[in-house]
Amino acid sequence: MKRTVPLIITAAGGFTLIVAFFIPATESWGEVAAIWFDILAAIAFILGGGNLVRNHLKKISDQTAGWAYSVITLAAFFITLTVGLFKVGARPMEQQEYYGQRFASLSLEDFPLEFSVEGTIPPKKSGRRLPDSVHGQLVADAAAGTISFRGWMEPNQLDDLKNYKHLLEWQATVETLYDKAQPPEPLRGKAFYHAGHRALAFAGRMSEFEYHTLRELAGTPEWLAAVDALYEATNQTAEIECPADALPERFDAAAISPDLSYDEELQRLRFTGPMPLGLRDRMVRRFFPVATPLSPAAEQVLVNLLKQAGPLSEAQIEALSKAAAAGWTFDQLIAEVNRAGEPVQVPKTAREMLAEKQAGATVIEPMKTVGEKRTLNNLQQKFLREFDSSEMTVDDLVEGLRRMGPLSARQVAALRAFLAKQPTAAERNKELGFALLRAGPLTEEQRDLMFGDYRKQIRWRRYVGRLFAAAHVVKFPWSGEYRAVGTPFWWLYEYAFKPLTATMFAMLAFYVASAAFRAFRAKNLEAVLLLGTAFIILLGRTFAGVYLTSWLPESLSFLRIEELTIRIMQWFNTAGNRAIMIGIALGIASTSLKVLLAVDRSYLGTGGD
Amino acid sequence: MLEYVARLDRRWIFLMMLLAVAIPILFQLRFPETPTPLAKAVFDAVENLPPGSKVLLAFDYDPASEGELGPMATAFVLHCAKKGHKMYFIALWPVGPQMIDDQIRKVIKTDFPNLVYGEDYVNLGFKPGNEGVIKVIVTDLRQLYTTDDKGVNIDKIPMMQGIRSVQDFDLVINVSAGYPGTKEWVQYAATPYGIPVVGGCTGVQAPLLYPYIPDQLPGLLGAIKGAAEYEKLVVDRYDLADVGRYLEGLRRMGPQLVAHMLMIFLIIAGNVIYFAQRRQERYRP
Amino acid sequence: MSSGHRGRYVGCLHGQWQWAWLFAQTVAALLIACCLVAPAGAQPDRPPSEVAPPAEVIAKDHPWDGGHKIDVLFRPSPDDDRVTRDAEPSATTQGGSDANGAQGGPSDQKPRIAAYIVSRAEEFHGVYEDVAFYVPEAADYRDGWLRVTVDKCERGEPYFFRVRAVASSGAQSGFAETSEAAIARRQWFDGGRIWMLLITVILCGAVVTFILIARSGRSLRVRRIAGLEAVDEAVGRATEMGRSVLFIPGIQDMNDIQTIAGLTILARVARTAAEYDARVEVPTSRSLVMTAARETVQSAFMAAGRPDAYDPNSIYYVTDEQFGYVAYLSGMMVREKPAACFYMGSFFAESLILAETGNAIGAIQVAGTAQPAQLPFFVAACDYTLIGEEFFAASAYLSGEPDQLGSLKGQDVGKLVVGAVLIIGCGLATMAAITGSETLEAAVAFLKGTMLR
């Protein structure tokens, strides 16, 4: 019995895999069989780990020779296991942490709002179910001829449902349902329901008005309790210590957000509610404006200031000029904004396409062109070229451009996105400073001039980061990457594992040399042929071989070592390898068959049963 | 004397090898490199794709083989970035994702900061299962890869739109140190589905992959020599001959040449000793 | 290659070898017949020379597949110059997305139609998505139809197709469309793998046949394999020197057939060690292998009548990491200096490190692997090496059981079949290249593209 069961399992698993290869209906059986092996191997790891610990502990307790190595082995094992398994030092994953939102627990069954539209869910003959992203939320009432969705539908759910079946009527129904299954207008983009996390969520601080609007949506006790918890959670204030000199010049909390404040007396920076990522970034860039292209006059002013602060060589001036020219230009910005002003192809909605079909169209294009061509007029271009971030914010720039001519929303977005990607003036000065340093030394004053703003920016960014962390409630502490840069696991990998494995692999070079000296003897004809081939390949794989036979004329180019190398590899080596591979493949097939048919049972031991 | 040399302590040989590798590195010996047809075929496979093509880069190697395969991986990423291809990274080895992160840091974040994660390149990470992974993703990639390496749902990644399986890619580039590797990609992707696959592998593996050239594997980079040839093609094409970090393969060919010369010398020396000993024994009374 | 008696198989065809030769001849004859008969077809028509879309489109389920393909057949556009009376028909046309612009037609004029675009929708007059860009070759025109196989269809779902012609200038014609839905259905057998099934049946049939022959009582001889003969010698040496025997079953897991073959040899080594009262040490790289190895060694000790001598702690797990494992082994070999080292299983880069370290400590080394890349290292550094098939034959060789010896013979028949196919294929390809005969070329294409795909 002890050997019979494994034999049966072996045979069953093996024949399942073979059958699954030929019979499509059984394909999934083969995949399941393969997955079971992975599960067993994973469980067996626990056996192996336990065995490892037991053996080494025994060596330590018996103080056998080399027991110190066992101590090191066990210490390394436990440290690596701990820091890797518990993701020590790994920050939560940005994409999974829902920064800027607070959660309140609310199960799907307790979510009181359900939205319905007329329609049916088209069946799938292949048996494919509705997408997992809407699991439990979408139901059909065949009798009433309606489809209902519980919760507020998210865009990815809409896409999944539309891709479920490419029928215009179904897709139009889904779109209608999506439009209905949204929070009321004042709460759009702020209130969410994450069914997978069983959580009602709110982005930012919930105002009184928003609180009452949410409460009025339903009267169930679970709903009201969740809304109350959410209101309380989003109105908590986080604060950090922040000395006044860390604040940027012209710091104005109200200009950023009504939820941000600074207590000058206690020197504390406060934020009410969760801080969105976008706000965090705006807090830094608001007071450290984007660097605008350095005009020749501005460049000269900078050079003069540097010269006042210390000596400046010609090489440094040239380096400064070169580095300043590497930044963005107004022409690029104008081109980007004009590009955004081109009519753009956007996908039509399913309802639009269904309307076309019902009107009798036989060719339905899925894309449409929207927008009329808009380019910046001369006034706008001139205004843009005069943009100085030290005197004008980006909002002022947009306002000014609007006053001088038409500007579409896409163009505004493109302009903001372009400027957001550019370095701040402080970062630009830092790069210029490094360019100067590469060309020559700088005095302390000159360094302060070039790096001073950047130091302030870094310092301010650190405080903003601390405030962001304080204002955030961690939801999924273990969602981070175990090998994130800077974590203990990463250190172990970079500075212990990588060098050690590379060292072991590198030892091969030394062993090959000693094997070559000891074992490669021309004892018979075959050995001589082998050695000759080895010489050709060794030379042909380096420049030496190419050099040795480069004098051969073109008509004899086939005798050049690099050509000989290619021929040897392509003909002789390939033929030999094919023969060995064919033999091995047949051996594998035969051995596998013997194992499956239980003809060969020696791997289970040589016992009698 | 003959006896002494015949029984030479192998540590002297190790020392010779150490010097053979160290001196070229320290003195920065570099030699010209002439690309072979196989390297050119790999280069053409990437170069001839129209910009914006979808390329799957499977990095199936570990730090131990980084010496041989790191430079070619760098050259592949550089070439794809220069051509403007969309890069999709995966790994079938557990430490493959670290190799991918290294290359992203070394190439993309350094010289292509304008490339946006999720739009121009994405790291789908490691999946266990060896060739089983290939067998599944050639028909249904989303069955195994539901998120990227950072846990983002792939439906939310713009460049994953329309990608349902490996057959949706224009090219698969595999850098392989063993099993699973290029052989498995050829067996389970290139052969049954005609998916174009090119690859780079360690020197020891290269002879095993020659039978697949050129039908299933149009081109192959073998070891550091192949990496150096491919690097030469890329840096010449894109005028990057003065960027040191893209010349690592060429740099490592210096020690390779000296080491090969040493090997030849050792083989010859060993045979001279062998024949001398045989003659001695024949004439001994 | 380790030494052995050569020439035993040649010129000695009696008994079971007559059957083998007859079997191989039958298979060869079948193969030749299939290659020459397969490529038959009809002549295509010459279309009218006016610019127009394809005339007619039909879509139907692709036969003998897993339910993901639909064949779209359409009459070429009348403007398609490549349809001539001289064009030879070819084998089945696959999906057009990987067809390149091969202008194979006999006409010297550039065809006005360069390609066809096939689009698909899930409803009639819905949103059609382009699924294939098909550039036909002259040989693709059969009976006045072109065929494109569209993949990635969902099984059981209805699809509608449209086909447009694309002129050399890039201009597209109107479309021809299907009005009835085509549904991809799953057949019970994947027809594309019929030849694979046939080959599997032939090879496995040969193995099973010879197992049955062996069971019937016929004696089967296998040539001497020096590496396996050396097991006793190696273990004996270890016993004399009072040192241990080191057995390394490779670095792969139990799902690798080489590991199983390695454990088979471990059973024999362990039994010999038990009889000689030598200590066997088996450090493993995988936990499952450790468990299996313990069973094997324990059974071997029991079979030798020495259950008391079995020590489970001598079989232990080290680490999954390749170089961590070999670092441990190298250190252990240098410290404990085993007298005999067996490397039996799947190895990669660590093979040379192990073999050289074993050489340095003066151990007798026997290696066996089916990794072709590692064989040279073992051959250079070890005393005996089992190469490829010899390694798999170990189980049969060591047990001497008729069943297992029969399977070796069956394996050899498989080699004969492969050899016959190689000779036939190379002969056909050579003759085709020399004579330029289209029949022979088609036969070679059928052999390569269909039978051996």
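Residues numbered from 1 in each chain as written. Chains lettered and ligands numbered in written order. Predicted model: local features only at pLDDT ≥ 70, side-chain atom pairs only at ≥ 80, totals over all residues.

Further remarks concern the interface of chain C and chain A. Tallying the contact residues gives 70 residues for chain C and 63 residues for chain A. The element that contributes the greatest number of residues to the side of chain C that touches chain A is helix H5 (residues 287-303) of chain C, accounting for twelve residues. Tallied by class, residues from the side of chain C that touches chain A come to 33 nonpolar, 21 polar and 16 charged. (Contact = placed C-beta atoms within 7 Å. Helix = DSSP H or I, 4+ residues; strand = E, 2+ residues; numbered from the N terminus. Nonpolar A, V, L, I, M, F, W, Y, C, P; charged D, E, K, R; others polar.)

When the terminal C-alpha atoms of helix H5 (residues 96-111) of chain B are compared, their 22 Å separation across 16 residues agrees well with the 22 Å that a helix rising 1.5 Å per residue should span. When the local axis directions of H5(B) are compared, the greatest deviation, roughly 35 degrees, occurs at Ile104(B). Taken residue by residue, H5(B) has Gly96(B), Pro97(B), Gln98(B), Met99(B), Ile100(B), Asp101(B), Gln103(B), Val107(B) and Ile108(B) as its buried positions. In the core, the buried residues of H5(B) are packed alongside helix H20 (488-519) of chain A together with strand E1 (54-60), helix H4 (66-83), strand E2 (86-91) and strand E3 (121-126) of chain B. (Expected span 1.5 Å × (residues − 1). Bend = angle between axes of the 7 residues up to and from the residue. Buried ≥ 20, exposed ≤ 12 C-beta atoms within 10 Å, placed from the backbone.)

To continue, consider the sheet that holds strand E14 (residues 384-387) of chain C. Residues and elements named next belong to chain C. Across the sheet, which stays open at both edges, the six strands sit in the order E11-E10-E9-E12-E13-E14 with parallel pairing between neighbours. In this open sheet, the two strands that pair with only one neighbour each are strand E11 (315-317) and E14. Taking each pair of neighbouring strands and ignoring which way they run, the sheet shows an average axis angle of 15 degrees. Summarising the sheet, strand E9 (residues 245-248) and strand E12 (residues 340-344) pair through four bridges and their orientation is parallel. The residue of E12 that forms the bridge with valine 245 is alanine 340. Those strands touched by H5 are strand E10 (280-284) and E11, and its axis lies near 175 degrees from that of E11. (Pairing = 2+ DSSP bridges. Axes fitted to C-alpha atoms, helices over the stretch in contact; angles between N-to-C directions.)

In this section: the interface of chain A and chain B. Listed per partner, the contact involves 44 residues of chain A and 45 residues of chain B. Counting only elements with at least two residues in the side of chain A that touches chain B, the list comes to helix H2 (27-62), helix H4 (94-97), helix H5 (155-164), H20, helix H21 (525-540), helix H22 (543-548) and helix H23 (561-596) of chain A. Ranked by residue count, the leading element in the side of chain A that touches chain B is H20(A), at 15 residues. Residue classes in the side of chain A that touches chain B are distributed as 23 nonpolar, eleven polar and ten charged.

In a pair of packed helices, the angle between the axes and the distance between the axes together describe the arrangement. Residues and elements named next belong to chain C. Their axes nearest at 8 Å, the elements helix H4 (residues 257-276) and helix H9 (residues 389-399) cross at an angle of 35 degrees. Judged by the twist between their axes, the crossing of H4 over H9 is left-handed. Residues Ala261, Thr264, Ile265 and Arg268 of H4 touch H9, and the partners they reach there are Phe391, Phe392, Ala394, Ser395 and Leu398. (Left-handed = near helix turned anticlockwise from the far one by under 90°.)

With that out of the way, let us pick up the sheet that holds E3(B). Residue and element names in this part refer to chain B. Pairing in this open sheet of six strands is parallel, and the strands run E3-E2-E1-E4-E5-E6 from one edge to the other. A single partner strand is all that each edge strand has here, and the edge strands are E3 and strand E6 (220-222). The average angle at which neighbouring strand axes cross in this sheet is 15 degrees, direction not considered. Sheet contacts for helix H3 (residues 37-47): strand E4 (171-176), strand E5 (197-201) and E6; angle to E6, the most-contacted strand, approximately 130 degrees. Here helix H7 (residues 182-193) sits on the sheet in contact with E1, E4 and E5, set at roughly 170 degrees to E5.

To continue, consider the domain arrangement of chain C. You can read the domains of chain C as domain 1 (16-37 + 195-218 + 408-451), domain 2 (57-189) and domain 3 (226-400). For domain 1 of chain C and domain 3 of chain C, the distance between their C-alpha centres works out to 37 Å. (Domains from an automatic or database assignment.)

On to H5(C), then. Between its first and last C-alpha, H5(C) extends 24 Å over 17 residues, near the 24 Å set by a 1.5 Å rise per residue. Those residues of H5(C) that sit buried are Ser287(C), Leu288(C), Val289(C), Met290(C), Ala292(C), Ala293(C), Arg294(C), Thr296(C), Val297(C), Ser299(C), Ala300(C) and Phe301(C). Elements that come into contact with the buried residues of H5(C) comprise H2 of chain A together with H4, E10 and E11 of chain C.

What follows covers unusual backbone geometry. Residues and elements named next belong to chain B. The omega torsion across tyrosine 179 and proline 180 is -10 degrees, close enough to zero to call that bond cis. Of note, the amide linkage connecting isoleucine 213 to proline 214 takes the cis form, showing an omega dihedral of 0 degrees. Position of proline 214 relative to the elements: it lies in the loop between helix H8 (206-209) and E6. Of note, the phi angle at glutamine 28 is positive, near 50 degrees, even though the residue is not glycine. Locating glutamine 28 in the fold gives a position in the loop between helix H2 (10-26) and H3. Overall, glutamine 28 belongs to the exposed group, with 8 C-beta atoms counted inside 10 Å. Although it is not a glycine, alanine 223 adopts a positive phi angle of roughly 60 degrees. Within the secondary structure layout, alanine 223 lies in helix H9 (residues 223-238). Alanine 223 sits in the buried class, given 23 other C-beta atoms within 10 Å.

As a further point, take the environment of Lys125(A). Residue placement: Lys125(A) occurs in the loop between strand E2 (114-118) and strand E3 (138-141). Take Lys125(A): there are 13 C-beta atoms within 10 Å of it, and that puts it in the partly exposed class. Other than its neighbours up to four places away in sequence, Lys125(A) contacts Gly156(C) and Glu157(C).

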